[in-house]
Structures are given as structure tokens and as C-alpha cells.
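Listed here are the chains, written in short residue letters.
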Amino acid sequence: MINNRGGVGKSDLTLRLGAALAKRGRKVGLIDFDPQGNLSRRAGWIYNEAEPQITVSEAVQADRVGTMRQVWTPVQWKAEYAQRMVLAPAWLELENRYAEAGLPGSHLRLARALQGADEDLDDVLIDCPPSLFHLTQMAMSAADGVLIVTRAEIDSILGAKRVRTFIGEKAHALHADDLRIDGVVVNDYEQGKPRQRQQLASVRRLFGDLVWEPVIARREVIANAANDFVPLEDAKGSQLTQAVASFELLADTYEKRNTA
Ligand SMILES: Nc1ncnc2c1ncn2[C@@H]1O[C@H](COP(=O)(O)OP(=O)(O)OP(=O)(O)O)[C@@H](O)[C@H]1O
Ligand SMILES: [Mg+2]
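Quick summary incoming for the structure in this document. (Residues numbered from 1 in each chain as written. Chains lettered and ligands numbered in written order. Predicted model: local features only at pLDDT ≥ 70, side-chain atom pairs only at ≥ 80, totals over all residues. Heavy atoms only, no water.)

Judged by how many residues are buried, strand E4 (residues 123-127) sits mostly within the fold: four of five residues are covered. Sheet analysis places strand E1 (residues 28-32) next to E4, joined by five bridges and oriented parallel. Residue pairing across strands places Gly-29 opposite Val-124, the latter belonging to E4. (Buried < 20%, exposed > 50% of the residue type's maximum accessible area, 1.4 Å probe, protein only. Helix = DSSP H or I, 4+ residues; strand = E, 2+ residues; numbered from the N terminus. Pairing = 2+ DSSP bridges.)

Looking now at the packing of helix H7 (residues 154-170) against helix H8 (residues 194-207). With their axes 10 Å apart at the nearest point, H7 and H8 run at an angle of 10° to one another. In terms of orientation, H7 lies roughly parallel with respect to H8. Across from Ile-154, Ile-157, Ala-160, Lys-161 and Arg-164 in H7, the residues of H8 making contact are Gln-199, Ser-202, Val-203, Leu-206 and Phe-207. Of the residues in the contact of H7 with H8, the class split is six nonpolar, two polar and two charged. (Axes fitted to C-alpha atoms, helices over the stretch in contact; angles between N-to-C directions. Parallel < 35°, antiparallel > 145°, perpendicular 65-115°, else oblique. Contact = heavy atoms within 4.5 Å. Nonpolar A, V, L, I, M, F, W, Y, C, P; charged D, E, K, R; others polar.)

Turning our eyes to something else, we now look at the packing of aromatic side chains. On inspection of all chains with the given rule, the structure shows five aromatic pairs. Relative to Tyr-81, the ring of Trp-77 has its centre 5.3 Å away and its plane inclined at 80°; by these criteria the two rings are edge-to-face. Judged by relative accessible area, which is 9%, Trp-77 ranks as buried. Linked through ring pairs, Trp-45, Tyr-47 and Trp-91 together constitute an aromatic cluster. (Phe/Tyr/Trp six-rings, centres within 6.5 Å; stacked < 30°, edge-to-face > 60°.)

In terms of burial, E1 is a largely internal element, five of the five residues being buried. Taken together, the four bridges between E1 and strand E3 (residues 85-88) define a ladder with parallel strand orientation. Paired with Val-28 across the strands is Met-85, a residue of E3.

Residue Pro-214 is reached from Glu-213 by a cis peptide bond, and omega for that bond is -5°. If you trace the backbone, Pro-214 turns up in the loop between H8 and helix H9 (220-227). One non-glycine residue, Asp-188, lies in the positive phi region at around 65°. Summarising the element assignment, Asp-188 is placed in the loop between strand E6 (180-186) and H8. With a phi angle near 60°, Gln-239 is a residue other than glycine that sits in the positive phi range. Tracing the backbone through its elements, the reader meets Gln-239 in the loop between H9 and helix H10 (240-259).

For H7, which comprises 17 residues, the first-to-last C-alpha distance of 24 Å matches the rise-based estimate of 24 Å (1.5 Å per residue) to within 8%. Three or more residues of H7 are buried, namely Ser-156, Ile-157, Gly-159, Ala-160, Val-163, Phe-166 and Ile-167. Where H7 is buried, its residues touch helix H6 (134-142), strand E5 (145-150), E6 and H8. (Expected span 1.5 Å × (residues − 1).)

It is worth spelling out the nonpolar core at this point. Core analysis: the biggest nonpolar cluster contains 47 residues, and Ile-31, Phe-33, Val-56, Met-68 and Trp-72 have the highest contact counts within it. Going through the elements one at a time, helix H3 (56-62), E3, helix H5 (109-114), H6, E5, H7, E6 and H8 are the ones with two or more residues in this core. With five residues, H7 is the largest single contributor of residues to this core. Ile-31 has contacts with Leu-39, Val-56, Met-68, Trp-72, Ala-88, Leu-114, Val-124, Leu-125, Ile-126 and Asp-127, leaving out every residue within four places of it along the chain. Listed in part, the 36 residues of the second largest apolar core include Leu-17, Tyr-81, Leu-125 and Ala-225. (Core = buried A, V, L, I, M, F, W, Y, C linked by side-chain atoms within 4.5 Å.)

Limitation: the analysis is restricted to geometry and does not speak to function.
Below is the structure:
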């Protein structure tokens, strides 16, 4: 999940799409690749300094094949999710990996860490930081495809274009020649606002068939679930049914596009 514009919903989409896929029986891995650790926190994970846990940061720093095997931990949610969703957590420590960006081949370290460590998983979703720098580049080198997340708003649409241009220009240097842009998800859409409608039209003009259905509406219940670290269906707020349904439909699109 990429956009160097912050706050567009990358972390929420990673978590909610992952949960919708797990609900239909898939085994899902979520990688928190953002030192903010928002995805980890929303999945119920807390870093405990008294009992340090190995996180994605150490797995990448080791620069060895398969180190992610030691990192996966069940999401801290009820059993139906904990049995099918594993998290590679992150916290502020991950910032230290930026200092190693200049080391030869350092952009390949996540791919190496994942080698042989994702065989039991049907899907692995990587939540990137709001940046196109080293951590996101490592994610690009490790991934098969990119899902660009945007709002119907000019700054994030420009961010989405920048992601596409960046991949076009830099994929080769990142040893990611086969990296696909799988789609563009429009999130946090405010229905009934003419300006939002215009901006959504411009996303469709710019990205055509790459734009996934459905557009995810802005709903308080989605923000509440993130704030309370719970699965969406356990969150408080109105329009829960519609919110849950929108991620179910997004999971349909994901499955259709990934098996096409
Ligand atoms: N569809 C939505 N409806 C309501 N609130 C939303 C929606 N999507 C995201 N949010 C809220 O907006 C805020 C930003 O979302 P999120 O943290 O997922 O974005 P992000 O792109 O990961 O941010 P960052 O760039 O900082 O990593 C969060 O509080 C989140 O819960
Ligand atoms: Mg985020």
C-alpha cells in the first residue's frame, strides 16, 4: 500500500482488506513497514520494552534469508482473526533502517527476509510509510504489486501520480522490473460533496481501469475501529453494515484481480 502523501488510509486499508480476506478463510500476513507503527497498534500489538520482541526492523537489519519467520505473530484480536492473520510488527526502531539506505543492496533486504518465510500465507500486505524513500523502496523490491491508496483530494492524487512515475523510472534500479501497479483505491470519500465528485472523476481519468471498486466512503465507524484497536465489526458507530460491506466488496475485487 503506497502513497507518499500521508493520512490517506494506507494502514486502515491494509488492516481491513487483510481482515476481509481472513474472514473468507485466507491466511494473511500483514507487514507494518512504517516506524509510526499504526498498523501494529490497530491490530492490538504493543511494544513491551521489558520483554523486547523481534520486529520487522531486526529481520531486515539481519540481511539474511528467511528472518521474517521469527517475526510473525498472531494479530491480538479474537480467535477467528488470530488464527488466520499474522503481523510483522514495527515501532519507532524501524527508523534506524533509513541510516543504512546507502549500503550496497540494502533495498533487497525485505525481499531476502521474506524468502521462504511466507510460504504458509495466501496473501502478504505491506503497509508503507508516507514516503518514497528507503523503506518503501525495500517494499517495492519485495512485492509483486502495488496498490496505490488515495483520497479524492488534490495532494493525494498528485501523490498517486508520483508513485506511478517513480515506479516507471526506478523499478529497474530496485530490481523490481516485474512490479505491477495492481490498482488505485479511493478512500475516505465524502459523499454528496461536488468537489469530491470532481476529484473522483479526475482519479478515474488519470488511472482508468486501475481504479478499484468500491470507493470507500468516509465513515466514523472506520476511524473508531482504528482508535479502539478492534476489528471493524466490533467498532462503535453508525453505518457499520455499510462499512463492513465495502471492505467485503474490496476483497472481492482483490481476489478477482489476483486470480485473473
Ligand atoms: N474511510 C475512512 N473513514 C473514516 N476515517 C478513516 C477512513 N480511512 C482512514 N480513516 C482515518 O484517517 C486517519 C488516517 O488513516 P491511516 O492512518 O490509515 O492513513 P495512512 O495513509 O496510513 O497514514 P500515514 O501516511 O500517516 O501512514 C486514521 O485516523 C484513520 O482511522
Ligand atoms: Mg499509515
